[in-house]
Every structure is written in structure tokens, then in C-alpha cells.
Amino acid sequence: MAKKIGLAVMLLLLPWVVAQGQTFVGQFAVEGSSGMFESNNIKVEITQTAGQPVATIVIYKVKFSPKMPFGVTLTIPNVTLTETSTDVYAISGNNIVPIAMGKKFEKYAIPQIMGSMTKSACSFKMTMGKSPMSYKGTKK
């Protein structure tokens with residue numbers, strides 16, 4: 001019983017990102033060789049590792065091209081979250097290998113991801129392979 005109470009107290013002391021995770025819905029855009037491809041209603045979930053300034057971003061059912069027959073779930077691990085002001089977090093990271101369909105995709109390593117997150121909105125920009133990408137969403 002004491003262990004459960006201790007965990008509940010610990011969760012109350014952690015930032016809101018850790019305690020709940022954050023889910024956003026918005027637009028994902030990819031700048032490719034044939035122009036800009038945009039997908040709407042893309043769900044993004046950001047979950048911070050308890051007690052650490054590290055998070056995982058999961059992008060659900062995303063397509064990178066109109067030629068893709070179905071969307072994939074893309075996981076971006078080891079993203080740094082830095083609280084820049086009350087309830088505002090900077091999203092950043094360098095040389096991150098994304099995961100999709102259960103595999104690491106070294107060929108599409110993300111040299112840099114940058115953005116911000118609040119309790120009500122999230123946006124970030126990154127490059128995978130040679131394609132610049134961006135996301136902008138609001139709290140689900």
C-alpha cells in the first residue's frame with residue numbers, strides 16, 4: 001500500500017508531460033521532389049520518460065508521399081524536452097534513428113528535430129533522408 005501511495009505522490013510532482021503524456025491532432029507536411037504533400041488529422045503522442053528530460057514522439061498513420069498505399073506509425077525516440085517557461089517545452093534532438101514497422105531506419109536518420117509543445121499545441125520541424133517535414137497540431 002505504501003508503494004502505491006508513494007507512486008501517486010511522485011506522479012503529482014512530475015511535470016504534466018510525464019504524468020499524462022500528450023496527444024495532439026494536426027497537419028503533417030513533407031516537402032518532396034514533386035512538391036509539398038500534406039496529411040490532415042495526424043495523431044502525435046509525446047511521452048516523457050519519468051524523471052528525465054527525454055521523450056518519445058509517436059506519429060500515427062502518417063504518409064510521406066501520395067504514392068504510399070497506407071500510413072505507418074513512426075516512432076522518434078530520445079527527443080530532448082527542455083522547459084523554457086512555465087508549461088512551455090522546447091523539443092530538440094540530433095542524429096535520431098526513427099523506428100517504423102518494428103525496424104530502425106538508419107537511412108532516414110533525423111539530423112535535427114526542433115519545435116515546441118504546450119498543454120494545448122505542438123509543432124516541430126525535422127528532416128528525414130533529404131525531405132524536410134513539419135507538424136503542427138492541437139491538443140486532442
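Residues numbered from 1 in each chain as written. Predicted model: local features only at pLDDT ≥ 70, side-chain atom pairs only at ≥ 80, totals over all residues. Heavy atoms only, no water.

A. Layout of the overall build of the chain. Each helix and strand counted, the chain has two helices and ten strands in total. In the chain, the succession of α and β elements from N to C terminus is α-α-β-β-β-β-β-β-β-β-β-β. When each of the 140 residues of the chain is scored for burial, the buried share is 34%. Contacts in the chain between residues far apart in sequence, at least 24 positions, make up 42% of those at least 6 positions apart. In the structure as shown, the chain presents an accessible area of about 8,400 Å², 57% of it carried by carbon and sulfur atoms. (Helix = DSSP H or I, 4+ residues; strand = E, 2+ residues; numbered from the N terminus. Buried < 20%, exposed > 50% of the residue type's maximum accessible area, 1.4 Å probe, protein only. Contact = heavy atoms within 4.5 Å. Areas by Shrake-Rupley, 256 points an atom, 1.4 Å probe, with all protein chains shown as cover.)

B. The arrangement of unusual backbone geometry in detail. Phi at Asn41 takes a positive value of approximately 60 degrees, unusual for a residue other than glycine. The phi dihedral of Asp87 is positive, around 60 degrees, even though this residue is not glycine. Tracing the backbone through its elements, the reader meets Asp87 in the loop between strand 4 (72–85) and strand 5 (88–96).

C. Here's a closer look at the packing of aromatic side chains. One pass over the full model with this rule turns up two aromatic pairs. With a centroid separation of 6.0 Å and 75 degrees between ring planes, the pair formed by Phe28 and Phe64 is classed as edge-to-face. Here the residue Phe28 occupies a position in strand 1 (residues 22–32), and Phe64 occupies one in the loop between strand 3 (54–62) and strand 4, the gap between them amounting to 36 residues. Taking relative accessible area as the criterion, Phe28 reaches 0% and is therefore assigned buried. On the basis of relative accessible area, Phe64 is assigned to the partly exposed category, the value being 22%. (Phe/Tyr/Trp six-rings, centres within 6.5 Å; stacked < 30°, edge-to-face > 60°.)

D. Summary view of the nonpolar core. Ile46, Ile57, Ile59, Ile76 and Met126 are the most contacted members of the largest nonpolar core, which totals 29 residues. The leading source of residues in this core is strand 4, at five residues. Apart from residues no more than four positions distant in its own chain, Ile76 is found in contact with Ala55, Thr56, Ile57, Ile59, Ile96, Ile110, Ile113 and Met126. (Core = buried A, V, L, I, M, F, W, Y, C linked by side-chain atoms within 4.5 Å.)

E. Region of interest: the pairing of strand 9 (residues 121–128). The alternating pattern of strand 9 places Cys122, Phe124, Met126 and Met128 on a buried face and Ala121, Ser123, Lys125 and Thr127 on a face that is not buried. By the bridge criterion, five bridges tie strand 8 (residues 110–117) to strand 9 in an arrangement that is antiparallel. Residue Met114 lies in a different strand from strand 9, and its bridge partner there is Lys125. Taking the residues between adjacent antiparallel strands as the criterion, strand 8 and strand 9 are bridged by three residues. Inspection of the sheet shows strand 9 paired to strand 10 (residues 131–139) by eight bridges, in the antiparallel sense. By the bridge assignment, Met126 is partnered in strand 10 with Met133. (Pairing = 2+ DSSP bridges.)

Function cannot be read off these values alone, since they describe shape.
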